[in-house]
Amino acid sequence: MRRAMARAAVGDDDYGEDPAVNELQCLAAGILGMEAALFVPTATMANLIAVMCHCQRRGAQLFLGQDAHLHVYEHGGAAQVAGVHSQALPDLPDGTFDLERLELAIREAHGSRYHPRPELICLENTHSSAGGRALPITYLGQVRGLADRYGLRVHMDGARLMNAAVAQDVEPARIAQHCDSVSLCFSKGLGAPAGAVLAGRREFVAEAWRVRKLLGGGMRQAGVLAAAARVGLEQAAETLRRDHHNARRFAEGIRELDSPVCSVDLAAVETNIVMVSIKGGWLSPTELCEQLQAVSEEELAETGQAVSVLLFPWSANTVRAVWHRDISAHDTELAKGKLEFVARKCQEKLGLDPTSPSAGAA
């Protein structure tokens, strides 16, 4: 990837003259089944541009899940910058939301002189807060049908859309066909240092270019970034399949551990994210993450190796583990071993026998 960056042919992308960027945009548009695509610095910017292009009247309304990245982790840009009201609906465990509830919310606002004008539905695929769940394709079709009935548009935050395509063994275009626009991030599972694309119809992308300029996203010799993104995109199927396998192996290791400290829902592990539930109240998510990262003399004496594992304290009872192209199968086995060591030491401090079947049932 770094060799590709060093060798990239570059130009001024702000004038549309960077060949590496132009090639990436054409490649991404083709993969996503869209007419055109625009390279932007981040997926957060791509999502905000989409909202601003689809909702050009202040006071417009978009519908999305209450745990969606666009709603929670993008600084309220839809409201702060675009002047768009977000109607957040409860997310179901698989990352979808109840379509009857969505239709009721749309119908209440549709034609009303008192509600914000409903104009956009935003989906997230895969859904980060749901543990990387891939939205069912039948569900996407149902959302599309609902949007068409009421004259709304559909945007997909597809930061991890390639993960969904690999998990469902379908072409990315089959997923994106249900949307008016879709963003795709290159700096997550695809492993590039930066960048995303926003794809849609040609007229939409032409307007997106103007909004990108407004937001300060115009770049000059951006081909060095586009070259890295292209490597990630072209290697996506192989890379992500490996990531999904490694994530699954880690989750299976937690189940086999049968510890009173932590557990995992294997059915929810579909892609490269594993949500680990903390049980018993003996360790907080932050404390578990600190112990997994730290290397003690006791660990070196018992295992003969120093292993530091970075997980993220996601919520009051959950930590999140995410796989990417730089985490190998061997690294995954080391992480499993480190979690087993930390869990065993916790059980010993609590006076529980780590080898007893009853310990896992506590």
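Refer to the preceding data block for the structure.
Residues numbered from 1 in each chain as written. Predicted model: local features only at pLDDT ≥ 70, side-chain atom pairs only at ≥ 80, totals over all residues. Heavy atoms only, no water.

**Things to note about the nonpolar core**
The nonpolar side chains of a soluble globular protein tend to be buried, and buried together. Heads up, the condition is: The term nonpolar core refers to a set of buried residues drawn from Ala, Val, Leu, Ile, Met, Phe, Trp, Tyr and Cys, joined through side-chain atoms within 4.5 Å. Summary of the burial criterion: residues with accessible area below 20% of their type's maximum are buried, those above 50% are exposed, and those between are partly exposed, where the area comes from a 1.4 Å probe applied to protein chains only. Runs of H or I in DSSP of at least four residues are treated as helices and runs of E of at least two as strands, each being numbered from the N terminus. The contact criterion used is simple: two residues touch if any of their non-hydrogen atoms lie within 4.5 Å.
Within the largest apolar cluster, 53 residues are counted, with the highest numbers of intra-cluster contacts made by Phe39, Ile121, Leu123, Ile175 and Phe186. Ranked by residues supplied to this core, first place goes to helix 7 (residues 137-150) with 7 residues. Setting aside residues no more than four positions away along its own chain, phenylalanine 186 makes contact with Leu24, Phe39, Gly191, Ala192, Ala194, Gly195, Ala196, Val197, Ala229 and Leu233. Within the second largest apolar cluster, 31 residues are counted, among which are Val40, Leu48, Leu64 and Ala68.

**What about the sheet that holds strand 11 (residues 318-322)?**
Note the cut-off: Note: two strands are recorded as paired if DSSP finds a minimum of 2 bridges between them. Fitting a line to C-alpha atoms yields each axis, with helices limited to the stretch in contact; the angle taken between N-to-C directions then spans 0 to 180 degrees.
Pairing in this open sheet of 4 strands is antiparallel, and the strands run 8-9-11-10 from one edge to the other. Two strands lie at the open edges of the sheet, namely strand 8 (262-263) and strand 10 (312-315), each paired on one side alone. Sheet topology note: the strand 8/strand 9 (residues 273-278) ladder contains 2 bridges and is antiparallel. Pairing of serine 263 across the sheet is with serine 277, part of strand 9. The strands touched by helix 12 (residues 236-257) are strand 8, strand 9 and strand 11; relative to strand 9, the strand with the most contacts, the crossing angle is about 20°.

**Comments concerning the sheet that holds strand 3 (residues 85-89)**
Strands sit in the order 1-7-6-5-4-2-3 across an open sheet of 7 strands; the sheet is mixed. Of all strands in the sheet, those bounded by a partner on one side alone are strand 1 (36-40) and strand 3. In this sheet, adjacent strand axes meet at a mean angle of 20° when their direction is disregarded. Relative to strand 5 (residues 153-157), strand 4 (residues 117-124) runs parallel, the two sharing 5 bridges. Paired with isoleucine 121 across the strands is valine 154, a residue of strand 5.

**Quick word on the packing of aromatic side chains**
Quick note on the threshold: Between 30 and 60 degrees the pair is tilted, below 30 it is stacked and above 60 it is edge-to-face, where a pair is any two Phe, Tyr or Trp rings, Trp via its six-membered ring, whose centres lie within 6.5 Å.
One pass over the structure, following the stated rule, counts 5 aromatic pairs. Seen in terms of ring centroids, phenylalanine 39 and phenylalanine 186 are 6.3 Å apart; in terms of plane orientation they differ by 40°. Their pairing is tilted. One end of the pair, phenylalanine 39, is in strand 1; the other, phenylalanine 186, is in the loop between strand 6 (181-185) and strand 7 (196-200), with 147 residues separating them in the sequence. Judged by its relative accessible area of 0%, phenylalanine 39 is buried.

**Some details on helix 7**
Put simply, the rule is: For a helix, the expected span equals 1.5 Å multiplied by the number of residues minus one.
Between its first and last C-alpha atoms helix 7 spans 21 Å; for 14 residues at 1.5 Å apiece the expected length is 20 Å, and the two agree. In this structure, the buried side of helix 7 is in contact with helix 6 (99-109), strand 4, strand 5, helix 8 (161-168) and helix 9 (172-176). Just downstream of helix 7 lies glycine 151, where phi reads positive at about 75°.

**Some points on the pattern of salt bridges**
The cut-off we apply is this: The working definition used for a salt bridge is a side-chain nitrogen of Lys or Arg within 4 Å of a carboxyl oxygen of Asp or Glu.
In this structure the tally under the stated criterion is 24 salt bridges. Among the ionic pairs, arginine 230 bridges to glutamate 23, the shortest N-O distance being 3.0 Å. Of this pair, arginine 230 sits in helix 11 (residues 223-234) while glutamate 23 sits in helix 2 (residues 19-32), placing them 207 residues apart in sequence. Overall, arginine 230 belongs to the partly exposed group, its relative accessible area being 29%. We classify glutamate 23 as partly exposed; its relative accessible area is 44%. Among the salt bridges present, the one from glutamate 203 reaches arginine 201, with a minimum N-O distance of 3.7 Å. Of the two residues examined, glutamate 203 and arginine 201, each falls in the exposed class. Taken together, the salt bridges that share partners define one network made up of Arg248, Arg249, Glu252, Glu333 and Lys336.

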